[in-house]
Amino acid sequence: MPAYKRILLKLSGEALMGDDAYGINRATIVRMVREIQDVTAMGCEVAIVIGAGNIFRGVAGGSVGMDRATADYMGMLATVMNALALADTMRQEGMTARVMSAIAIEQVVEPYVRPKALQYLEEGKIVVFAAGTGNPFFTTDTAAALRGAEIGAQVVLKATKVDGVYSADPKKDPAATRYSTISFDQVIARNLQVMDATAFALCRDQKLPIKVFSIFKPGALRRVVAGEDEGTLVHV
């Protein structure tokens with residue numbers, strides 16, 4: 001039995017690049033999808049918010065000096081591309097996924113409608129939320145916190161390059177230690193970077209725990225969902 005019945009998984013766009021400079025690495029996305037398949041097989045309902053750093057990095061030079069809102073809308077559209085790639089890879093692996101966009105692009109993906117998203121989750125489908133919150137000036141971290149709260153997820157799983165929250169930067173300080181659990185207040189007091197401030201405040205206010213773990217560590221997602229000591233749990 002999974003420790004969490006319903007999760008919101010926040011994937012960065014960079015997580016799809018593998019070792020490539022930008023774009024989507026085929027082997028990497030297949031591996032990720034199979035890890036997600038493992039947790040659905042445990043009986044866990046999975047919703048995903050995807051970022052767009054892997055695509056936007058390729059056009060970042062051209063966005064210098066661009067209006068911030070325009071650049072943010074470009075980023076939102078890039079998340080739709082990632083969501084489509086993720087959903088199609090899931091289809092190829094025998095899974096059923098639905099992409100729901102916060103921006104209306106109805107010829108391509110369906111719009112985000114909360115009751116419909118809840119219905120899909122209850123039916124065992126994976127829901128991929130694209131286009132962030134649909135508003136500029138908000139990150140996909142904030143979209144993850146918002147959607148997690150809306151769908152009644154028991155935890156927001158923030159998939160990163162590091163396997164948890166550390167007392168210091170583990171790359172710079174060999175004495176840095178990983179926290180197994182830490183409170184929201186301790187994260188603030190110690191000025192640890194977990195999520196952007198808006199996303200973090202929303203999770204804290206909604207008493208929605210955040211689990212930070214490494215998506216690059218094989219089997220880590222399964223261990224997190226099983227309730228094992230993997231990553232760092234940020235709680236009230």
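Everything discussed here concerns the structure shown above.
Okay, so let's go over this structure. No experiment lies behind these values; they were computed from the predicted model shown.

Observations regarding the overall build of the protein
1) Next: Each helix and strand in the protein was counted, giving eight helices and nine strands.
2) Next: The C-alpha radius of gyration computed for the protein amounts to 17 Å, which stays within 12% of the reference 18 Å derived for 236 residues, consistent with globular compactness.
3) Next: C-alpha atoms of the protein, sized along the principal axes, occupy 50 × 45 × 35 Å.
4) Next: If you take every contact in the protein between residues at least 6 apart in sequence, the share linking residues at least 24 apart comes to 73%.
5) Next: When the accessible surface of the protein is totalled, it reaches about 10800 Å², and 52% of it is carbon and sulfur.
6) Next: Taking the average place of the 26 positive charges on the side chains of the protein and the average place of its 25 negative ones, the gap between the two points comes to 2 Å.

Brief notes about the packing of aromatic side chains
1) Next: In this structure the tally under the stated criterion is two aromatic pairs.
2) Next: With a centroid separation of 5.4 Å and 85 degrees between ring planes, the pair formed by Tyr112 and Phe129 is classed as edge-to-face. With Tyr112 in the loop between strand E4 (110–111) and helix H4 (114–122) and Phe129 in strand E5 (residues 126–130), this pair connects stretches of sequence that are 17 residues apart.
3) Next: According to the relative accessible area criterion, Tyr112 is buried, its value standing at 17%.
4) Next: Taking relative accessible area as the criterion, Phe129 reaches 2% and is therefore assigned buried.
5) Next: For the ring pair Phe184 and Phe200, a centre distance of 5.0 Å and an interplane angle of 65 degrees mean the geometry is edge-to-face. One end of the pair, Phe184, is in helix H6 (residues 184–189); the other, Phe200, is in helix H7 (residues 197–205), with 16 residues separating them in the sequence.

Details of the pairing of E5
On a regular strand, each side chain points to the face opposite its neighbour's, so the side chains alternate between the two faces of the sheet.
1) Next: Burial within E5 is extensive, with five of its five residues counted as buried.
2) Next: Because side chains alternate across E5, one face comprises the buried residues Ile126, Val128 and Ala130, and the other comprises Val127 and Phe129, equally buried.
3) Next: By the bridge criterion, three bridges tie strand E2 (residues 45–50) to E5 in an arrangement that is parallel. Bridge pairing in E5 links Val49 to Phe129.
4) Next: Bridge count between strand E3 (residues 97–101) and E5: five bridges; the pairing is parallel. Its bridge partner being in E5, Ala97 is matched across the sheet by Ile126.

Overview of the environment of Met90
1) Next: In this fold, Met90 is placed in helix H3 (residues 68–92).
2) Next: The exposure class assigned to Met90 is buried, which follows from its relative accessible area of 0%.
3) Next: Residues Met90 and Met32 lie 58 residues apart in sequence; the distance between their C-alpha atoms is 9.7 Å.
4) Next: The residues touching Met90, leaving out its near neighbours within four places in the chain, are Val33, Ile36, Ile48, Met95, Ala97 and Ile126.

Focus on the sheet that holds E4
1) Next: Pairing is mixed in the open sheet, where nine strands are placed in the order E4-E3-E5-E2-E1-E6-E8-E9-E7. Each end of this open sheet is capped by a strand with a single partner; those strands are E4 and strand E7 (181–183).
2) Next: With respect to the sheet, helix H5 (residues 140–150) is in contact with strand E1 (6–11), E2, E5 and strand E6 (155–160), its orientation differing from that of E1 by roughly 170 degrees.

Section: the state of the cysteines
Should the sulfur atoms of two cysteines be covalently bonded, the bond is a disulfide.
1) Next: Evaluation of the coordinates by the stated rule reveals zero disulfides.
2) Next: For Cys44, which is in no disulfide, the shortest distance to another cysteine sulfur is to Cys203 and amounts to 16 Å.
3) Next: On the basis of relative accessible area, Cys44 is assigned to the buried category, the value being 5%.

Calculation notes
- Residues numbered from 1 in each chain as written.
- Predicted model: local features only at pLDDT ≥ 70, side-chain atom pairs only at ≥ 80, totals over all residues.
- Heavy atoms only, no water.
- Helix = DSSP H or I, 4+ residues; strand = E, 2+ residues; numbered from the N terminus.
- Rg over C-alpha atoms; globule rule 2.2 N^0.38 Å.
- Contact = heavy atoms within 4.5 Å.
- Areas by Shrake-Rupley, 256 points an atom, 1.4 Å probe, with all protein chains shown as cover.
- Lys, Arg positive; Asp, Glu negative; His and termini not counted.
- Charge placed at Lys NZ, Arg CZ, Asp CG, Glu CD.
- Phe/Tyr/Trp six-rings, centres within 6.5 Å; stacked < 30°, edge-to-face > 60°.
- Buried < 20%, exposed > 50% of the residue type's maximum accessible area, 1.4 Å probe, protein only.
- Pairing = 2+ DSSP bridges.
- Axes fitted to C-alpha atoms, helices over the stretch in contact; angles between N-to-C directions.
- Disulfide = S-S within 2.5 Å.

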